[in-house]
Amino acid sequence: MAESAQVPKLVYLVTGGCGFLGEHIVRMLLEREPRLRELRVFDLHLSPWLEELKTGPVQVTAIQGDVTQAHEVAAAVAGSHVVIHTAGLVDVFGKASPKTIHKVNVQGTQNVIEACIRTGTQFLIYTSSMEVVGPNVKGHPFYRGNEDTPYEAVHRHPYPCSKALAEQLVLEANGRKVNGGQPLVTCALRPTGIYGEGHQVMRDFYNQGLRFGGRLFRAIPASVEHGRVYVGNVAWMHVLVARELEQRAALLGGQVYFCYDKSPYKSYEDFNMEFLGPCGLRLIGTHPLLPYWLLVLLATLNALLQWLLRPLVLYTPLLNPYTLAVANTTFTVSTNKAQRHFGYKPLFSWEESKARTIHWVQALEGSAW
Ligand SMILES: NC(=O)C1=CN([C@@H]2O[C@H](COP(=O)(O)OP(=O)(O)OC[C@H]3O[C@@H](n4cnc5c(N)ncnc54)[C@H](O)[C@@H]3O)[C@@H](O)[C@H]2O)C=CC1
Ligand SMILES: CC(C)[C@@H](O)CC[C@@H](C)[C@H]1CC[C@H]2[C@@H]3[C@H](O)CC4=CC(=O)CC[C@]4(C)[C@H]3CC[C@]12C
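Quick caveat, the model's predicted, so the values are computed rather than measured. (Residues numbered from 1 in each chain as written. Chains lettered and ligands numbered in written order. Predicted model: local features only at pLDDT ≥ 70, side-chain atom pairs only at ≥ 80, totals over all residues. Heavy atoms only, no water.)

Would you take a moment to explain a nonpolar patch on the surface for this structure?
Side chains of Phe 212, Phe 217, Leu 289, Leu 290, Trp 293, Leu 297, Leu 298, Leu 301, Leu 304, Trp 307 and Leu 308 sit close together on the surface and give an oily, nonpolar patch of about 1100 Å² of accessible area. Among the elements that make up the nonpolar patch, the one with the highest residue count is helix α9 (residues 292–309) (7 residues). Mapped onto the fold, Leu 308 is located in helix α9. (Patch = residues over 30% accessible without salt bridge, like charges linked within 9 Å, V, L, I, M, F, W, Y side chains within 5 Å. Areas by Shrake-Rupley, 256 points an atom, 1.4 Å probe, with all protein chains shown as cover. Salt bridge = Lys/Arg side-chain N within 4 Å of Asp/Glu carboxyl O. Helix = DSSP H or I, 4+ residues; strand = E, 2+ residues; numbered from the N terminus.)

See the structure below:
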């Protein structure tokens, strides 16, 4: 993508562009990528807000499609300069079968790669996840680690397994010749727990608190640290690496980068209270109110109930054996690789990220405030 400040001429494709992160990437591209001529938004479920984006100078093309369908992906990719592949099933609650998670996250990613190869698109950014690394099945903590920190990344759950396989496919595709003879340049971004406007899990916590009279009950020790990153900074990292990928292909190609910002290290529940507290909720208990063995029993009962009820109703509570294990294991990153490699600095400070998220929660229906 030779630099050309004169005429916007680039075509970007964002798969999963109507999702929580995808929407922020789409809006960030329209605000901060001056070279854009066309922005293609590919998603299984197109959102109504896309229509409001079609009045600007950039051509916004909404494409309803399924990444598991190779021909639909190829049609969307053809003619694009950059693909940001963020579509996926983010399911740790048992909503989809392991087979479906694999089909979307792994086969879907393979379809995106092959579409780039066949149609001559040279630049592919994949939204991976911290879960590619951990927490692992042994519950080993990952404390202020970086992209080079040794860690036994062993998984059993379908979601992290699918993300790890997909990331591997993307990184291995780096350097393959695309149609036209140029090399494919790929990289993978690994967000830690994303928060911000539109985060469904935050909404679920908020609604759970409303159901219990404005109270949430501590289940995880405050000492367990979880890395979190604001969605706007994750979107910004995607926009920036997409811009730098051509100029710095030799350095960035085939690399992984944790997504990070200045969000504080806290337990998952304490971190959520940074936003839910100002909206009227209280976290009860300075220590977990129930012993861990009882939480494990309740999580297991939830899993059993989910299995028993599946023929009748989809029962997907926040607490299950996997979410309890992840919530109860420290996983934080401390790195500056993205800054060293492509000049990334968070666009939003912690204070701004917090204020924006609080504002969003307050606007949710039935605010406890
Ligand atoms: N939410 C989080 O905390 C984190 C998310 N990620 C990754 O970020 C990406 C986006 O995640 P979120 O925005 O949270 O999820 P999301 O569920 O809000 O967005 C995913 C989007 O992909 C679309 N999609 C799903 N299956 C599809 C298919 N077969 N074909 C086309 N589109 C399909 C969905 O309709 C949705 O719009 C995912 O790849 C996820 O693994 C990584 C780290 C943390
Ligand atoms: C019920 C309590 C035990 C409560 O604390 C459970 C919280 C639990 C729902 C979340 C704790 C950690 C979260 C995950 C983490 O942020 C890493 C993730 C990365 C992704 O790529 C997708 C989302 C997630 C798996 C995220 C999901 C929600 C938690 C398990």
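Next, the rest of the story.
Would you mind going over the packing of aromatic side chains with me for this structure?
Taken as a whole, this structure holds 15 aromatic pairs when the rule is applied. Seen from their ring centres, Tyr 195 and Phe 275 are 5.1 Å apart, and the 25° between their planes marks the pair as stacked. Pair noted here: Tyr 195 is in strand β8 (residues 193–195) and Phe 275 is in helix α8 (residues 268–276), with a separation of 80 residues, a long-range link. The class of Phe 275 is buried, set by a relative accessible area of 0%. A centroid spacing of 6.0 Å and a plane angle of 65° characterise the contact between Phe 275 and Trp 350, whose relative ring orientation is edge-to-face. Of this pair, Phe 275 sits in helix α8 while Trp 350 sits in helix α12 (residues 350–362), and the two are 75 residues apart along the sequence. (Phe/Tyr/Trp six-rings, centres within 6.5 Å; stacked < 30°, edge-to-face > 60°. Buried < 20%, exposed > 50% of the residue type's maximum accessible area, 1.4 Å probe, protein only.)

What is the right way to look at the site of ligand 2 in this model?
Neighbouring ligand 2 are 18 residues, the closest being Val 90, Ser 129, Tyr 159, Gly 193 and Glu 269. Contact between ligand 2 and Ser 129: an oxygen atom at 2.8 Å from a side-chain N or O atom of the residue. Within the side chain of Tyr 159, a nitrogen or oxygen atom sits 2.6 Å from an oxygen atom of ligand 2. In isolation ligand 2 exposes 630 Å². Once the protein is present, 90% of that is buried. When contributions to the shell around ligand 2 are tallied by element, the ones reaching two or more residues are α8 and α10 (321–327). By residue number, the principal contributor to the shell around ligand 2 is α10, which donates 3 residues. Residues belonging to the shell around ligand 2 are distributed by class as follows: 12 nonpolar, 4 polar and 2 charged. (Near = heavy atom within 4 Å. Polar contact = N/O pair within 3.5 Å; in protein donor to acceptor, adjacent residues only side chain to side chain. Nonpolar A, V, L, I, M, F, W, Y, C, P; charged D, E, K, R; others polar.)

It is not clear to me how the sheet that holds strand β5 (residues 123–127) should be interpreted in this structure. Could you clarify?
Two pairing modes exist for strands in a sheet, parallel and antiparallel, and in both the strands are linked by backbone hydrogen bonds. The 7 strands lie next to each other as β3-β2-β1-β4-β5-β7-β11, forming an open sheet whose pairing is parallel. The sheet terminates laterally at β3 (59–64) and β11 (255–259), the two strands that pair on one side only. Strand-to-strand, the axes of this sheet are offset by a mean angle of 20°, without reference to chain direction. Relative to β11, strand β7 (residues 185–191) runs parallel, the two sharing 5 bridges. Note that in β11 the partner of Cys 187 across the bridge is Gln 255. Strands β1 (10–15), β2 (36–43), β3 and β4 (82–85) of the sheet are contacted by helix α2 (residues 70–77), whose axis makes an angle of about 165° with β2. Running at roughly 150° to β7, helix α4 (residues 158–173) makes contact with β5, β7 and β11 of the sheet. (Pairing = 2+ DSSP bridges. Axes fitted to C-alpha atoms, helices over the stretch in contact; angles between N-to-C directions. Contact = heavy atoms within 4.5 Å.)

Explain the site of ligand 1 to me, please; I cannot follow it from the model alone.
Around ligand 1 lies a shell of 25 residues, among which Phe 20, Leu 21, Asp 43, Asp 66 and Tyr 159 are the nearest. In this structure, an oxygen atom belonging to ligand 1 sits 2.6 Å away from a side-chain N or O atom of Asp 43. Within the backbone of Val 67, an N or O atom sits 2.9 Å from a nitrogen atom of ligand 1. Burial of ligand 1 by the surrounding chains reaches 86%, relative to a free accessible area of 820 Å². Residue assignment for the shell around ligand 1 shows that the elements contributing at least two residues are α1 (20–32), α4 and β8.

What am I meant to see in the UniProt feature "transmembrane region" (unreviewed entry) in the protein here?
What UniProt calls "transmembrane region" (unreviewed entry) maps, in this numbering, to residues 290–309. Spanning residues 290–309, this segment combines 90% helix with 0% strand, and its end C-alpha atoms are found 26 Å apart. (UniProt positions renumbered as here; feature names shortened; annotations may be inferred.)

In this structure, what is going on with the pattern of salt bridges? I would like to understand it.
When their charged atoms lie close together, side chains carrying opposite charge are able to pair. Across all of its chains, the model carries 14 salt bridges by this definition. Of the charged contacts, one joins Lys 54 and Glu 51 as a salt bridge, the two residues approaching to 3.2 Å between their closest N and O atoms. Here Arg 218 and Asp 270 are joined by a salt bridge, their closest N and O atoms 2.8 Å apart. With a gap of 52 residues between them, Arg 218 in the loop between β9 (215–217) and β10 (228–230) and Asp 270 in helix α8 connect regions that are remote in the sequence. What you see here is one network of salt bridges that share partners, running through Glu 23, Arg 27 and Glu 52.

Before we go on, may I ask you to explain the packing of helix α3 (residues 98–119) against α4 in this structure?
The geometry of a pair of packed helices is captured by two quantities: the angle between their axes and the separation between those axes. Relative orientation of the contacting elements α3 and α4 amounts to 10°, with a least axis distance of 9 Å. Classified by the angle between their axes, α3 and α4 sit roughly parallel to one another. Residues Pro 98, Ile 101, His 102, Asn 105, Val 106, Thr 109, Gln 110 and Ile 113 of α3 form the contact with α4, whose own contacting residues are Pro 158, Tyr 159, Ser 162, Lys 163, Leu 165, Ala 166, Leu 169, Val 170 and Ala 173. Grouping the constituent residues of the contact of α3 with α4 by class yields 11 nonpolar, 5 polar and 1 charged. (Parallel < 35°, antiparallel > 145°, perpendicular 65-115°, else oblique.)

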